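Topology and contacts: notes
Here is how the chains run, residue by residue.
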Amino acid sequence: MATAASILSKEQLLCPICLDVFNQPVSTPCGHNFCRDCIQRYWQSTNLPQCPMCKHKMYKRPDLKVNTFISEVAAQFKDHGEMKYKNRLGSMDKSGNEGEVACDVCVGKRVKAFKTCLDCLASFCQTHLEPHHVLGTLKKHTLINPIMNMQDRLCKKHESLLSLFCHTDQTYVCQVCVEDDHKAHRMAPIERESQDRRDQIRSINMEVKEGIHSRLQKMCELGQAVELSKRNTEKEVDESFLVFNKLLQVVKTVQAEVAEAILAKQRRVESRASEITLDLEQEINQLTNRSTDLELLSQTNDDLYLLQSFPAFSTKLPIKDWSEIWVESAVYVGTVRRALRRAASQLEETVKAEVKRLCKVEFERVKAYAVDVTLDPDTAHPKLVLSENRKQVYHSDVAVNLPDNPARFYPCVSVLGKEGFCFRRFSYEVQVKGKTEWDIGVGLGSVNRKGGNLLNPERGYWTLGMREDQSYWALNSPPVRLPLMEKPQTVLVYVDMEAGQVSFYNSDSHSHIYTYTGYTFSERLFPYFNPRRNHSGVNSAPLIILPLNI
């Protein structure tokens, strides 16, 4: 039966901190495993204990117990690995072929060698190795685990032991070779060269372990990203169900009210018909009784009785004239239409409330990706004045004498942000209060800075603009006029590079203004600002980049 150590790979039994097989493994509350000494040393360097893998925070240091199962598996793995290593050393020859080394002294019966002497160039069993433990001259010999094909360790030319490594010729040589063909060459004893290789092996192995560790961390990050995406997806689905259930509830409520009104009208018709029917039945009973009495009277043979009784039957019964009485059937003219108008009105109010609420939620979400933006003076038009902290810009009538570098805008009075962004999402806010014209948004780092600057996505710009007639435009191709009900004083620009969209929001009302969608960004995006010309001071107010805490 296979043991756990033979089934599991070594990577599954590595401590993520020391990158070695677990020693006294313990498990954190979040489910990750570490050597007890490793996690305790890690926590000593932090004020608040957290998991090195998933960053799960613990408000107090947990009392960690050794995970006996993992400890036993790790111990089995160590024993299993050491046994395989010993067997390999004892059973493999120089070329890597498995076999058994025999004693070179024993005659006849093949006896397994216990050690190989590099000075005697022979292998010995325990009996014939005894002189190496007793005689002083033999005690100085170098003994190693048995190896086959000792001829591979001898110099082919001089039949001497290969004991040196020639760095000049990159070959192994004996002492005679040094005096013969390698006098001026750089030499090193094999033992020292082997130690250098061991150091290189340790260094390479450390890099390999670090590679394993970094990939384990990346796997953990991917798992966390998927889990976060799953939670966000579930939250968004629940939010959508909540919104549309509210809308459906409005329709269902109006539908129920209409149905109730229709059925109530039908009930009134039935009630009226029931009342009339009851009166009719009573009169029918009276008339039926009179008819029966008249039939009986007409059949009597007693003439005197007939004459005496007739006056009582000649008077009319107290019954109604039903010719003018009727029940009007229910007719529904415009009932559903009026219900639809009422439902539409209620839906409109509900939709407005939900849109307002969702806009606020959306605004807070995109604002969470706020980045620090400063203006790049090397890109600013000579007539643009930047504040000392490079957070404000306005147009001046006086041009500053600046070097005409390729990055500088001219003649377009524009400036880019200093920082370019290539990560997935970012946002920033700009105050446009007091201005009569402006353009803001983002642009590619490769946009043309010279000559006429037409703003549209085909030229690498995704911008929003205001003009002096109080009109607002998405500077697309062609431009799209935006009928804004509320004039923004502060605009938030949000970019989702992965989704290929650039959005603009009114920060004051938290409402959405416009979104460019369906684009692929293959290079860095830079915040773009154009305060436009001041028109003799009418448009002299600056564009102000708001700090992150606003």
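Everything below is about the structure printed above this text.
These notes cover the structure that comes with them.

Each value, and the rule that gives it
Residues numbered from 1 in each chain as written. Predicted model: local features only at pLDDT ≥ 70, side-chain atom pairs only at ≥ 80, totals over all residues. Heavy atoms only, no water. Helix = DSSP H or I, 4+ residues; strand = E, 2+ residues; numbered from the N terminus. Rg over C-alpha atoms; globule rule 2.2 N^0.38 Å. Contact = heavy atoms within 4.5 Å. Lys, Arg positive; Asp, Glu negative; His and termini not counted. Charge placed at Lys NZ, Arg CZ, Asp CG, Glu CD. Buried < 20%, exposed > 50% of the residue type's maximum accessible area, 1.4 Å probe, protein only. Salt bridge = Lys/Arg side-chain N within 4 Å of Asp/Glu carboxyl O. Axes fitted to C-alpha atoms, helices over the stretch in contact; angles between N-to-C directions. Parallel < 35°, antiparallel > 145°, perpendicular 65-115°, else oblique. Left-handed = near helix turned anticlockwise from the far one by under 90°. Nonpolar A, V, L, I, M, F, W, Y, C, P; charged D, E, K, R; others polar. Core = buried A, V, L, I, M, F, W, Y, C linked by side-chain atoms within 4.5 Å. Expected span 1.5 Å × (residues − 1). 1 Å grid on protein atoms, 1.4 Å probe; cavity = no way out; pocket = protein on both sides within 12 Å on 5 of 7 lines; lining within 4 Å. Points joined across faces, edges and corners; volume = space filled by probe spheres on them. Pairing = 2+ DSSP bridges. Polar contact = N/O pair within 3.5 Å; in protein donor to acceptor, adjacent residues only side chain to side chain. Patch = residues over 30% accessible without salt bridge, like charges linked within 9 Å, V, L, I, M, F, W, Y side chains within 5 Å. Areas by Shrake-Rupley, 256 points an atom, 1.4 Å probe, with all protein chains shown as cover. Phe/Tyr/Trp six-rings, centres within 6.5 Å; stacked < 30°, edge-to-face > 60°. Lys NZ or Arg CZ within 6 Å of the ring centre and 35° of its normal.

1. Points about the overall build of the protein
- When helices and strands are tallied, the protein shows nine helices and 23 strands.
- The C-alpha radius of gyration computed for the protein amounts to 49 Å, which surpasses the reference 24 Å derived for 550 residues by more than 25%, pointing to a less compact arrangement than a globule.
- Along the first, second and third principal axes, the C-alpha atoms of the protein reach 175 × 95 × 45 Å.
- Across the protein, the fraction of contacts at a sequence separation of at least 24, relative to all contacts at a separation of at least 6, is 57%.
- A distance of 7 Å separates the average location of the 71 positive side-chain charges in the protein from that of its 68 negative side-chain charges.

2. A short note on the side chain of Glu 193
- Topologically, Glu 193 is positioned in helix H7 (residues 190-298).
- Taking the relative accessible area as the measure of exposure, Glu 193 reaches 5% and is therefore buried.
- Here Glu 193 is in contact with Phe 165, His 167 and Ala 188, once residues within four sequence places are set aside.

3. Section: the pattern of salt bridges
- For the structure shown, the criterion picks out 21 salt bridges.
- In this structure, Lys 218 and Glu 221 form a salt bridge, with 3.2 Å as the shortest nitrogen-oxygen distance. Of the two residues, Lys 218 and Glu 221 both sit in helix H7, three residues apart, roughly one turn of that helix.
- The class of Lys 218 is partly exposed, set by a relative accessible area of 45%.
- The partner of Arg 357 in a salt bridge is Glu 354, with the nearest N and O atoms 2.8 Å apart. Of this pair, Arg 357 and Glu 354 both sit in helix H9 (residues 335-367), separated by three residues, roughly a single helical turn.

4. Topic: the packing of H7 against helix H8 (residues 303-314)
- Look at H7 against H8: their axes get within 11 Å of each other, and the N-to-C directions meet at 165°. The angle between H7 and H8 places the two elements in the roughly antiparallel class. The interaxial crossing formed by H7 with H8 has left-handed handedness. Contacts from Arg 290, Asp 293, Leu 294 and Leu 297 of H7 reach H8 at Tyr 305, Leu 306, Ser 309, Phe 310, Ala 312 and Phe 313.
- Taken together, the residues of the contact of H7 with H8 break down into seven nonpolar, one polar and two charged.

5. Quick notes on the nonpolar core
- Counting residues in hydrophobic clusters, the biggest one holds 47 residues, and the most contacted among them are Trp 438, Val 442, Val 502, Leu 525 and Phe 529.
- Cys 38, Met 53, Leu 64 and Val 73 belong to the second-largest nonpolar core, a separate cluster that totals 21 residues.

6. A look at H9
- Here H9 contains 33 residues, and its C-alpha end-to-end distance of 47 Å stays within 8% of the 48 Å for a straight helix at 1.5 Å per residue.
- Taken together, the buried positions of H9 are Thr 335, Ala 339, Ala 343, Thr 350, Glu 354, Cys 359, Phe 363 and Val 366.
- Tucked into the core, H9 has its buried residues touching H7, strand S13 (425-431), strand S19 (490-496), strand S20 (501-506) and strand S21 (511-516).

7. Comments concerning the layout of surface pockets
- Here the second largest pocket defines a volume of roughly 810 Å³.
- Residue lining of the second largest pocket: 25 residues in total, with Asn 232, Arg 365, Tyr 369, Arg 425 and Tyr 494 positioned closest to the centre.
- Sorting the residues of the lining of the second largest pocket by element identifies H7, H9, S19 and S20 as the ones contributing at least two each.
- Tallied by class, residues from the lining of the second largest pocket come to eight nonpolar, seven polar and 10 charged.

8. A closer look at the pairing of S13
- In terms of residue burial, S13 counts as a mostly covered element, since five of its seven residues are buried.
- As paired elements, S13 and S19 share seven bridges and run antiparallel to each other. The residue of S19 that forms the bridge with Val 430 is Val 491.
- Relative to strand S23 (residues 543-545), S13 runs antiparallel, the two being bridged by two bridges. Considered in S23, the bridge of Gln 431 is made with Ile 544.

9. Brief notes about the side chain of Ser 427
- Summarising the element assignment, Ser 427 is placed in strand S13.
- Polar contacts involving the side chain of Ser 427 include one to the main-chain carbonyl oxygen of Val 366, which spans 2.9 Å.
- Dropping the residues within four chain positions of it, Ser 427 is found in contact with Val 366, Lys 367, Tyr 369, Ala 370, Val 371, Leu 492, Val 493 and Tyr 494.

10. Some words on a positive patch on the surface
- Where like charges cluster on the molecular surface, the positive patch consists of Lys 265, Arg 268, Arg 337, Arg 338 and Arg 341.
- For the positive patch, the element with the highest residue contribution is H9, accounting for three residues.
- When you line up the elements, Lys 265 lands in helix H7.

11. Some remarks on the packing of aromatic side chains
- Applying the stated rule across the entire model yields 12 aromatic pairs.
- A centroid spacing of 5.0 Å and a plane angle of 80° characterise the contact between Trp 462 and Phe 521, whose relative ring orientation is edge-to-face. Of this pair, Trp 462 sits in strand S16 (residues 461-466) while Phe 521 sits in the loop between S21 and strand S22 (525-530), placing them 59 residues apart in sequence.
- By way of ring pairs, the aromatic residues Phe 409, Tyr 461 and Tyr 528 are connected into one cluster.
- Cation over ring: Lys 115 sits above Phe 114, and NZ or CZ is 5.8 Å from the ring centre.
- Seen from the ring of Phe 165, Arg 197 lies directly overhead, with NZ or CZ sitting 5.7 Å from the centre.

12. Remarks on the sheet that holds strand S5 (residues 143-144)
- One open sheet accounts for three strands, arranged S4-S3-S5; its pairing is antiparallel. Every interior strand has two partners, whereas the edge strands, strand S4 (122-124) and S5, have only one.
- Inspection of the sheet shows strand S3 (residues 115-117) paired to S5 by two bridges, in the antiparallel sense. The residue of S5 that forms the bridge with Thr 116 is Ile 144.

13. Notes on the sheet that holds S16
- In space, the six strands of this open sheet follow the order S12-S22-S14-S16-S17-S18, with antiparallel pairing throughout. Two strands bound the open sheet, and with one partner strand each, they are strand S12 (415-416) and strand S18 (480-482).

14. Points about the pairing of S22
- For S22, the buried fraction is high: six of the six residues fall into the buried class.
- Sheet topology note: the S12/S22 ladder contains two bridges and is antiparallel. When the bridges of S22 are listed, Leu 416 appears paired with Tyr 528.
- Pairing of strand S14 (residues 438-444) with S22 involves six bridges; the strand directions are antiparallel. Paired with Ile 440 across the strands is Phe 529, a residue of S22.

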